[in-house]
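This is what each chain is made of:
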Amino acid sequence: MIKKHNYLIPMQQSTSTIFMIRPLHFGFNKQTAASNSFQKNVSKIKLLKKVQQQFDDVVKLLRDNDIEVFVFDDRADVITPDSIFPNNWISINNNTITLYPLLAENRRAERRNDIVDFFWYKMQGNKQLFEFTNFEDENKFVEGTGSMVLDHVNRWAYASISPRTHLSTFETWCREMNYVPVTFTAYNDGKPIYHTNVMMAIGTGYAVVAAETIKSRTERTHVKESLINTGHELILITNEQVNAFAGNMLEVSNKSGKKFLLMSETAYKSLSLSQIEKLKKHSEPLVCFIPAIEETGGGSIRCMIAEVFM
């Protein structure tokens, strides 16, 4: 059931609290491969150990920079190869927990009552739960902050329409949450990009966007003007850089308010010096080494992070 969101609370763009899922069953997911061209079916030999080490190193890097990280272990008795990407099934914003409809049936088992309860009991004051999961019965999906890239400060939501991001479901979310919708279709290798957060990221006063992946001139202009008019410096990346996960970044803050831009080493190496300098004007790059996760899972650091705004 969707409960009406009756109030607005000003938000910052980035949070200093996140949560992550340490994987036990990570691997190539056949059910998501049809819509995610970034996945590769690589050998499972020693894969899990390598992925867990890369995961642990990321958590240490974040905590060393005074970012609060809640880590939940994967469930041993439920096989969820993509559970390392929790931002697709849940978001936590201003005492509001939202659960999202997912395209792949085996990903729906990632939704966990214990995690919902954990954050629900940490919340103070007026709490709300929004469940959009019934849209799965209509084969209509919006996979959290994978499907949507959010400008929290101005309350604008950007979404590239794809098999995992249905227009009417996205517009329903925007209506309930009081965000202005901006829709378009971005392409990679002739197919709609599966998640918007693969080709764009919004930080405080800047936006990384692969505008060239939006083939419609009208849509491309609308996206760029929307970002500029809401006070963002555009940092344009190419389709080749999208393939290196340069769009899959996330701005976070530490407990002292310092801003970091999380990105993978693959993404960082794809950037030009001028792009890096532009980014450094706004936040410090924090580079994560996660090639095994990227190659098999088809997602990068942003997909691994569920933000907690409380």
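For the structure, see preceding data.
Residues numbered from 1 in each chain as written. Predicted model: local features only at pLDDT ≥ 70, side-chain atom pairs only at ≥ 80, totals over all residues. Heavy atoms only, no water.

J.: Hey, could you run me through the nonpolar core in this one?
T.: Proteins that are soluble and globular tend to have nonpolar side chains buried together. Residues Met 20, Leu 62, Met 199, Met 200, Leu 227 and Met 304 are the most contacted members of the largest nonpolar core, which totals 58 residues. Aside from chain neighbours lying at most four places away, what touches Met 199 is Phe 184, Ala 186, Ile 193, Val 208, Val 209, Ala 210, Thr 213, Ile 214, Ile 237, Val 242 and Gly 247. Counting 17 residues, the second largest nonpolar core, distinct from the first, contains Trp 89, Leu 102, Leu 129 and Val 308. (Core = buried A, V, L, I, M, F, W, Y, C linked by side-chain atoms within 4.5 Å. Buried < 20%, exposed > 50% of the residue type's maximum accessible area, 1.4 Å probe, protein only. Contact = heavy atoms within 4.5 Å.)

J.: What's the story with the side chain of Thr 80 in this structure? I'm lost.
T.: By secondary structure assignment, the location of Thr 80 is in the loop between strand 2 (68-73) and strand 3 (90-93). For Thr 80, a relative accessible area of 1% corresponds to the buried category. If sequence neighbours within four positions are ignored, Thr 80 has contacts with His 25, Asp 74, Asn 106, Ala 109 and Glu 110. (Helix = DSSP H or I, 4+ residues; strand = E, 2+ residues; numbered from the N terminus.)

J.: Would you mind going over helix 6 (residues 217-229) with me for this structure?
T.: In an α-helix, one full turn covers 3.6 residues, which means residues spaced three or four apart are oriented alike. When the terminal C-alpha atoms of helix 6 are compared, their 18 Å separation across 13 residues agrees well with the 18 Å that a helix rising 1.5 Å per residue should span. Inspection of helix 6 places Val 223, Ser 226 and Leu 227 among the buried residues, and these make up the whole buried set. The buried residues of helix 6 all sit within an arc of 95 degrees when viewed along its axis, so they share a single face. Opposite the buried face of helix 6, at more than 90 degrees from it, the exposed residues are Arg 217, Thr 218 and Asn 229. Looking one or two residues beyond helix 6, the residue adopting positive phi is Gly 231, at roughly 90 degrees. (Expected span 1.5 Å × (residues − 1). Arc of directions from axis to C-beta.)

J.: Just checking my understanding: could you explain the packing of aromatic side chains for this structure?
T.: By convention here, two paired aromatic rings are described through the distance between centres and the angle between planes. Tallied over the full model, the rule gives 10 aromatic pairs. Seen in terms of ring centroids, Phe 19 and Phe 72 are 5.6 Å apart; in terms of plane orientation they differ by 90 degrees. Their pairing is edge-to-face. Placement of the pair is Phe 19 in strand 1 (residues 17-22) and Phe 72 in strand 2, with a sequence separation of 53 residues. Of the two residues, Phe 19 and Phe 72, both sit in the buried class. Here the aromatic rings of Trp 173 and Tyr 179 are separated by 5.1 Å at their centres, their planes lie at 45 degrees, and the arrangement is tilted. Grouping residues by exposure puts Trp 173 and Tyr 179 together as buried. (Phe/Tyr/Trp six-rings, centres within 6.5 Å; stacked < 30°, edge-to-face > 60°.)

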